[in-house]
Structure formats: C-alpha cells, structure tokens
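Chain and residue survey
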Amino acid sequence: MASDHIYIRGLRVMALIGVLPAERLAPQPLQIDVEMDVNLAVAGQTDDLGDTANYGAIADAIAVLVRASSDILLERLIARIADCVLSFDHVAAVTVTLTKLQPPIDEDIDSTAVSITRTRQSVNPTVRHRAIVALGTNIGDRVAHLQFALDHLPQVVAESQVFETDPVGGPQNQDAYLNMVVALDTYLDPYALLRLLNAVEAQAQRERTIHWGPRTLDLDILFYDNITINDDLLTIPHPRLHERRFVLQPLSEIAPELCPPKWDTTLEAGGVHARGSLSNLISTTEH
Ligand code: A4P
Ligand code: MG
C-alpha cells in the first residue's frame, strides 16, 4: 500500500436509505468520508492533474451515486461507493466511512456509521475484464462530452475514430450525433460498470425526458467479456447493436471479430461519416 493519501472529508448528501418505513419515504442526511491510497510522487514532480486522482471528479461521482441510491443497508451503499472510487485511475485502495447523521434510534446518539477498506486486489482477486462501450452525443459541445466520458471511464485500451451520424429513431429534426466505441479494461462487474456509466452520464447533465431523444451523453455497454445478461437492468450484448451502422462502423475499427458477418453490405449505407480521432478533433475544434 502507498503511504500517500488523498482525503475527501465531510461530503454531505441527502439520500433514501434504511430499513424502517419512515426511512423509505424521506431522504436523510448522510456524510461520506474517504481516504484514498494514491502514489503522489509523480504528480509531485510533474504538477499534472492526469498523474493523480482527481478528487473533484471523485467527490462528484460519489454524490451522484449516493443521491440516486435507494439501498436498504449502509453496507450495500458503502460497497458501491468503494467500487466507484476504485474505478478512478491512480486509486490503489480506499477506506470509506458512511455516517447516518440523524439515525432513527430512540436513544441519545450522535450518529451511526460503517467503514470499509477495499483495494484493487480485494475487488478483483482474479483478472480484469474487457468491456466494449458505445458513446453518443448530440447536444452542446459534443467533442467535449466525448472527452469528458473518456476522462471518467476506467482504463481505455482501444478507441475508434469519432463518426458524425444521422439520428436514428426518436423525434424529428434532432441534431446529428457524434458516436465512437471504446474498449475498457476494468475490474468492475457489469452492474458496477453500468452504475459508473450512469453516474458519468448524470455528471454530463443528461436529462432523460424523451425516449431516444437528444442527449448530452449516452453510454451503452455493447459487450462484457463474452458473457450474456438479460434482466431488468442490463442486456448484454446490447440488443440493438446489430441494426446500427453508427455502432458497427466504429466497433469494426477496434473489434471487427465482434461485428456480425457481412454487416457492412447488409445494413443500409450512408449517414455515418468518419471525423478522425478524438484527440485530433480536440486540437482542431473550437469549443
Ligand atoms: N440497459 C440495459 N442494457 C444496457 C446496456 N447494455 N448498456 C438499461 C447500458 N444500459 C443498458 O437506457 C435505459 C436503460 O437501459 C438503462 O437505465 C439501463 O439500465 P437509457 O440510456 O436511459 O435510455 P436510452 O438511451 O433512451 O435507451 P438506449 O437503449 O440506450 O437507447 P439506444 O438504443 O442507445 O438509442 N442515433 C445516432 N445516430 N446515434 C446514437 O447514438 N442513440 C440512440 C439511443 C438513438 N438514435 C441514435 C443514437
Ligand atoms: Mg443508453
């Protein structure tokens, strides 16, 4: 374990949590304290945020996750917070303390709390997993939204070009999308990865108002290792990927073996235009 630490202290968020009927009805105040093991030596030399854990982004991600919680036990919520923190680069281990500031107990008591320590090893005793994620955006500064997503995803090991694509489905006269596909190396399980993607979407201020409507950022899991999931929360492989050139064209650049045979000749052509790499777009686009 590194002997360097970064702390987030006294993060206070209202959340729905608890076993009692009253606790299921109204959010209550929680406090989150986090101690992260991060090797600070490199950032100490380079002065570069990319060489350390970004505590601002981590605090935002925790707040979004806790606010959206409806867990019953502190034990469940704290495990999810630890997962979330460990998904950020450079965090080798984390100790989280989760405190109910107004516990519903008939005694004179200040607070109740649970605390856990998790390391990357304890989350993943075996191997890391390979996930393929599709990104889409058609509102505002689309290039910045893609970059925001890449900055907040677990380790990106392959990245397609960015494609400008005509909207498929949804309301008339939506603006064009930017789409791309990335491969991630992650120790998160599929559900923890989905929660992380939802938190990143929420941080990009996505509003889910219209089905298939315009969005600042949409993050879909296309594949996770070679597993199949089909339940209320997740469908993997993504059910509509075979119909969509805006997914298959970028996917074919980083994992052609995952595309259905002859997709390029059977799917209707057009509506998908390569715009080059994201880093190239960032350096050439005003935004
Ligand atoms: N969910 C289930 N499986 C998955 C998965 N594999 N990955 C659940 C991610 N989420 C998954 O998603 C609704 C719920 O799906 C999630 O809460 C999760 O539990 P959502 O993102 O809230 O809703 P949505 O985006 O409206 O639906 P969805 O299914 O993501 O829409 P699509 O199919 O991705 O279509 N045209 C162009 N050119 N480019 C686009 O990117 N995107 C769409 C959205 C439509 N037209 C487009 C594009
Ligand atoms: Mg989606």
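Structure: above.
Residues numbered from 1 in each chain as written. Chains lettered and ligands numbered in written order. Predicted model: local features only at pLDDT ≥ 70, side-chain atom pairs only at ≥ 80, totals over all residues. Heavy atoms only, no water.

Here we look at the overall build of the protein
Quick note on the threshold: Strands here are runs of E lasting at least two residues and helices are runs of H or I lasting at least four, both read from the DSSP assignment and numbered beginning at the N terminus. We compute the radius of gyration over the C-alpha atoms and compare it with the globule rule, which gives 2.2 Å times the number of residues raised to the power 0.38. For every residue, the accessible area obtained with a 1.4 Å probe (protein chains only) is divided by the maximum for its type, and the residue is called buried under 20%, exposed over 50%, and partly exposed between those limits. In what follows, residue pairs with any heavy atoms lying within 4.5 Å of each other are defined as contacts. Using the Shrake-Rupley algorithm and a 1.4 Å probe, accessible areas are obtained, with residue cover drawn only from the displayed protein chains. Charged residues are defined here as Lys and Arg on the positive side and Asp and Glu on the negative side; His and the ends of the chain fall outside this count. A charge is said to be at NZ when it belongs to Lys, at CZ for Arg, at CG for Asp and at CD for Glu.
When its secondary structure is counted, the protein shows 10 helices and 12 strands. Against the 2.2 N^0.38 benchmark of 19 Å for 287 residues, the protein shows a C-alpha radius of gyration of 21 Å, consistent with a compact globule. A burial count over the protein gives 46% of its 287 residues as buried. In the protein, of all internal contacts separated by at least 6 residues, the share reaching a separation of at least 24 is 68%. As presented, the protein carries roughly 14700 Å² of accessible surface, and 50% of it is formed by carbon and sulfur atoms. Put simply, the protein has 21 plus and 38 minus side-chain charges, and the middle of one group is 4 Å from the middle of the other.

A few points about the packing of aromatic side chains
Working definition: an aromatic ring pair is given by the centre-to-centre distance plus the angle between the planes. Put simply, the test is: Each Phe, Tyr or Trp ring (for Trp, its six-membered ring) is paired with any other whose centre lies within 6.5 Å, and the angle between the two planes then decides the class: stacked below 30 degrees, edge-to-face above 60, tilted in between. A positively charged side chain is recorded as over a ring if its NZ (Lys) or CZ (Arg) lies within 6 Å of the ring centre. The angle to the ring normal must also be within 35 degrees.
Applying the stated criterion across every chain, the model contains zero aromatic pairs. Residue placement shows Arg9 over the ring face of Tyr7; its charged tip is 4.3 Å from the ring centre.

Side note on the nonpolar core
Here is the rule: The term nonpolar core refers to a set of buried residues drawn from Ala, Val, Leu, Ile, Met, Phe, Trp, Tyr and Cys, joined through side-chain atoms within 4.5 Å. The source of the domain bounds is an automatic or database domain assignment.
Of all hydrophobic cores here, the largest spans 66 residues; its most connected members are Ile32, Met36, Ile62, Val66 and Ile81. Mapped onto the domain boundaries, this core takes at least three residues apiece from domain 1 (5–123) and domain 2 (129–286). Other than its neighbours up to four places away in sequence, Ile32 contacts Ile8, Arg9, Gly10, Leu11, Val13, Ile62, Val66, Ile81, Val96, Thr97 and Leu98. Judged by nonpolar contacts, the second largest core, of 17 residues, contains Ile132, Leu241, Cys259 and Val272.

Some remarks on the coordination of the magnesium ion (ligand 2)
Operational definition: For Na, K and Ca the donor cut-off is 3.2 Å, while for other metals it is 2.8 Å, and in both cases only N, O and S atoms qualify; water is not among them, so sites may look incomplete.
Within the first shell, the magnesium ion (ligand 2) binds the protein through Asp218 (OD) and Asp220 (OD), at distances of 2.2 Å. On the basis of relative accessible area, Asp220 is assigned to the partly exposed category, the value being 23%.

Some thoughts on the sheet that holds strand E2 (residues 28–37)
Applied cut-off: Note on pairing: two strands pair once DSSP finds at least 2 bridges between them. The angle between two axes is taken between their N-to-C directions and runs from 0 to 180 degrees, where each axis is a line fitted to C-alpha atoms and a helix contributes only its stretch in contact.
Strand order in the open sheet formed by four strands is E1-E2-E3-E4, with antiparallel pairing between adjacent strands. The open sheet has two free edges, formed respectively by strand E1 (5–15) and strand E4 (112–119), since each of these has just one partner strand. The average angle at which neighbouring strand axes cross in this sheet is 15°, direction not considered. Two strands pair when backbone bridges link them, and strand E3 (residues 93–100) and E4 are joined in this way by eight bridges, in the antiparallel orientation. Looking at the pairing, Thr99 lines up with Ala113 of E4. The sheet strands contacting helix H3 (residues 55–67) are E1 and E2, and the helix crosses E1 at an angle near 30°. Contacts between helix H4 (residues 74–86) and the sheet are confined to E2, E3 and E4, with E3 contributing the most and set at about 145° to the helix.

Purely geometric numbers; function is a separate question.
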